[in-house]
Amino acid sequence: YGVQAGHFSSPSFFPFGQRGFRRSLRLCQMAALALTDRYSVPGGDGTIPALGLGTSHNGGRNVGAAVEEAARAGVRLFDTAQHYGTEETLGEALRKSGIPRKDLFISTKVWPAKYDMVEESIRESMARLQVDYIDLVLLHWPGCEGGESGRMKAWRQLEAAYRAGLVRAIGVSNFLPHHLEPLYEEAKVKPAINQCEFNPMQQNMEVVSCCKKLGVVFQGYCPLAKGRALENETVCRIAAAHKKTAAQVLIRWSLEKGAVTIPKSTRPERVRENCNVYDFHLTAKETADLDALHCNLRVTWDPTGVE
């Protein structure tokens, strides 16, 4: 284990890793976190940027403007999904950006309605995104017909797409330990990433611990709790101390926790703001204060009841 400039070589959610890696992380928090930081993708091809742009808003041209601003700011990870309706807009905006394909990391997700036709749905996504491969494809939701066996059938198809070169890495989204562990045990190609809701008010600690144990990268969405955390007294106090916005503090917390983080916005000025999180760090007390905000708040889908 170790940290190189711009590249974290640990394949797991590393604040919970070995002592030496935690020490390296603290050094990163103090000085070395940068927009160019990336994590190794276990079982995948290459690395994933630590900070990206989520595009789950179906905001038409606004999504395109946000993507263009993010690209100008240096963002290279872009997250979408078949269910969001933003693949086509994202693909066109990235084409216009002129960024070489090899420098981009594009992630999308297969919706459960397509779990019986995974490869076909991936090819449809590729056409909308205007690419000949996708860096990461996730199973979007654990709930599906057949439960565990249905998830496993979908995963076998995802493995086939991986072997065929359509995708560079495969993973899951919104999977709790009782969804992830059986799939991991049976998988021939292990899940590289689990993308879940993650912010100080929803820290998904059991999921984080499970991902660390299995060596699965943890990726967090909704770092701002869909705005619910922006007016929190503790968050605002810390933001004022650093002359930063509440959003910047929340994104920085997520990054310092080691989560691949994908804040979303359709407003270019907010996208710029969300990228400007590398000129300060949280103190140990500030981190502890933010950690204490966990209240199991969910601002999006709750997979708890999914068998």
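Residues numbered from 1 in each chain as written. Predicted model: local features only at pLDDT ≥ 70, side-chain atom pairs only at ≥ 80, totals over all residues. Heavy atoms only, no water.

Thoughts on the pattern of salt bridges
Logical step 1: All chains considered together, the criterion is met by 19 salt bridges.
Logical step 2: In this structure, the salt-bridge partner of D135 is R101, at a minimum N-O distance of 2.8 Å. With a gap of 34 residues between them, D135 in strand β8 (residues 134–139) and R101 in the loop between α3 (87–97) and β7 (105–110) connect regions that are remote in the sequence.
Logical step 3: You can call D135 buried: its relative accessible area is 7%.
Logical step 4: Across the pair D103 and K102 runs a salt bridge whose closest N-O atoms are separated by 3.2 Å. (Salt bridge = Lys/Arg side-chain N within 4 Å of Asp/Glu carboxyl O. Helix = DSSP H or I, 4+ residues; strand = E, 2+ residues; numbered from the N terminus. Buried < 20%, exposed > 50% of the residue type's maximum accessible area, 1.4 Å probe, protein only.)

Description of the packing of aromatic side chains
Logical step 1: One pass over the full model with this rule turns up four aromatic pairs.
Logical step 2: An angle of 80 degrees between the planes, with centres 5.6 Å apart, marks the rings of W141 and W301 as edge-to-face. Taken together, the residues span a long stretch of sequence, with W141 in the loop between β8 and α5 (148–163) and W301 in the segment after α11 (284–291) at a distance of 160 residues.
Logical step 3: Its relative accessible area of 15% is what places W141 among the buried residues.
Logical step 4: Exposure remark for W301: the relative accessible area of 32% places this residue in the partly exposed category.
Logical step 5: With 5.2 Å between their ring centres and 75 degrees between their planes, F198 and F218 make a pair best called edge-to-face. Of the two residues, F198 is situated in the loop between β10 (193–197) and α7 (205–214) and F218 in strand β11 (residues 217–221); the sequence distance between them amounts to 20 residues. In this pair, the class of F198 matches that of F218, namely buried.
Logical step 6: Aromatic rings pair up to connect W111, W141 and W301 into one cluster.
Logical step 7: Over the aromatic face of Y133 sits the side chain of R168, whose NZ or CZ is 3.8 Å from the ring centroid.
Logical step 8: In this structure, K190 is placed above the aromatic ring of Y184, and the distance from its NZ or CZ to the ring centre is 4.7 Å. (Phe/Tyr/Trp six-rings, centres within 6.5 Å; stacked < 30°, edge-to-face > 60°. Lys NZ or Arg CZ within 6 Å of the ring centre and 35° of its normal.)

Looking at the nonpolar core
Logical step 1: Membership of the largest hydrophobic core comes to 90 residues, with the highest contact counts inside it found for I48, F78, I122 and W155.
Logical step 2: With seven residues, the top contributor of residues to this core is helix α9 (residues 246–256).
Logical step 3: Those residues in contact with I48 that sit more than four places away from it in its chain are D37, R38, Y39, V41, L77, F105, L136, I193, Q219 and V260. (Core = buried A, V, L, I, M, F, W, Y, C linked by side-chain atoms within 4.5 Å. Contact = heavy atoms within 4.5 Å.)

What about the sheet that holds strand β5 (residues 52–54)?
Logical step 1: Reading across the sheet, the eight strands line up as β5-β6-β7-β8-β9-β10-β11-β12 and stay open at both edges, with parallel pairing between neighbours. Because the sheet does not close on itself, it has two edges, and the strands there are β5 and β12 (260–261).
Logical step 2: One ladder, built from two bridges, connects strand β9 (residues 167–173) with β10; its direction is parallel. From the neighbouring strand, S173 faces β10, where its bridge partner is Q195. (Pairing = 2+ DSSP bridges.)

Focus on the packing of α3 against helix α4 (residues 118–129)
Logical step 1: The geometry of α3 relative to α4 is characterised by a closest axis approach of 7 Å and an angle of 45 degrees between their N-to-C directions. Between α3 and α4, the angle falls in the class oblique. On α4, the residues that touch E87, E88, L90 and G91 of α3 are S125, R128 and L129.
Logical step 2: Of the residues contributing to the contact of α3 with α4, the split by class is two nonpolar, two polar and three charged. (Axes fitted to C-alpha atoms, helices over the stretch in contact; angles between N-to-C directions. Parallel < 35°, antiparallel > 145°, perpendicular 65-115°, else oblique. Nonpolar A, V, L, I, M, F, W, Y, C, P; charged D, E, K, R; others polar.)

A word on the side chain of T261
Logical step 1: Tracing the sequence through the fold places T261 in strand β12.
Logical step 2: Exposure remark for T261: the relative accessible area of 0% places this residue in the buried category.
Logical step 3: Each residue touching T261, except ones within four places of it in the same chain, is listed here: A50, L51, G52, G220, P223, I251, S254 and L255.

With respect to the layout of surface pockets
Logical step 1: Empty space within the largest pocket amounts to approximately 360 Å³.
Logical step 2: By residue class, the composition of the lining of the largest pocket is nine nonpolar, six polar and five charged. (1 Å grid on protein atoms, 1.4 Å probe; cavity = no way out; pocket = protein on both sides within 12 Å on 5 of 7 lines; lining within 4 Å. Points joined across faces, edges and corners; volume = space filled by probe spheres on them.)

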